[in-house]
Amino acid sequence: MVSVTSCSFRGAGIALDIAKGLHFLHSHHVMHLDLKSPNILLALDGTAKIADVGMSRMFTTRSLPVAKVSDFFLSFNG
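As the structure is a prediction and not an experimental result, all values here were calculated from the model.

## Quick look at the overall build of the protein chain
Alright, step 1. Along its length, the protein chain carries 1 helix and 5 strands.
Alright, step 2. Start at the N end of the protein chain and walk to the C end: the helices and strands fall as α-β-β-β-β-β.
Alright, step 3. For the protein chain, buried positions account for 24% of its 78 residues.
Alright, step 4. Considering only contacts in the protein chain between residues 6 or more positions apart, those separated by 24 or more positions represent 46%.
Alright, step 5. Carbon and sulfur atoms make up 64% of the accessible area of the protein chain, which amounts to about 5600 Å² in all.

What follows is the structure in structure tokens.
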């Protein structure tokens, strides 16, 4: 049986993985624009991966999104 404590730690780990992935994307001037639970994949080791970047856009620090990101897949291994 899984305890409530281990579930909350697992949830916190997933949230942290998502935050790290978004930080990675944003530091490379990419906005995901379609982040939702079906676009979060869990690896066999339990780490969360952000998927489906088809709606992502490149941006500059001074503007709104400027270009569509196509044929692009990012996986963050923190």
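## Comments concerning the pattern of salt bridges
Alright, step 1. Under the definition given, this model contains 1 salt bridge.
Alright, step 2. Residue Lys 36 pairs with Asp 34 through a salt bridge whose shortest N-O separation is 3.6 Å.

## A short note on the nonpolar core
Here is a general trend for soluble globular proteins: nonpolar side chains tend to be buried in one another's company.
Alright, step 1. With 7 residues, the main nonpolar core is built from Ile 14, Ile 18, Leu 25, Val 30, Ile 40, Ala 48 and Ile 50.
Alright, step 2. Ranked by residue count, the leading element in this core is helix 1 (residues 4-27), at 3 residues.

Parameters and conventions
- Sequence positions are assigned chain by chain, starting from 1 and proceeding in written order.
- The predicted nature of this model means local features are confined to residues of pLDDT at least 70 and side-chain atom pairs, given and counted, to a pLDDT of 80 or more, with totals for whole chains, interfaces and linings taken over all residues.
- Hydrogens and waters are ignored; side-chain quantities use all the structure's heavy atoms.
- What counts as a helix is a DSSP run of H or I of at least four residues, what counts as a strand is a run of E of at least two, and both are numbered from the N terminus.
- Summary of the burial criterion: residues with accessible area below 20% of their type's maximum are buried, those above 50% are exposed, and those between are partly exposed, where the area comes from a 1.4 Å probe applied to protein chains only.
- It only takes one pair of heavy atoms within 4.5 Å for two residues to be counted as in contact.
- Each accessible area is a Shrake-Rupley result for a 1.4 Å probe, and residues are judged covered by the shown protein chains and nothing else.
- Salt bridge criterion: a side-chain nitrogen from Lys or Arg within 4 Å of a carboxyl oxygen from Asp or Glu.
- The set of buried Ala, Val, Leu, Ile, Met, Phe, Trp, Tyr and Cys residues whose side-chain atoms join them within 4.5 Å is what this entry labels a nonpolar core.

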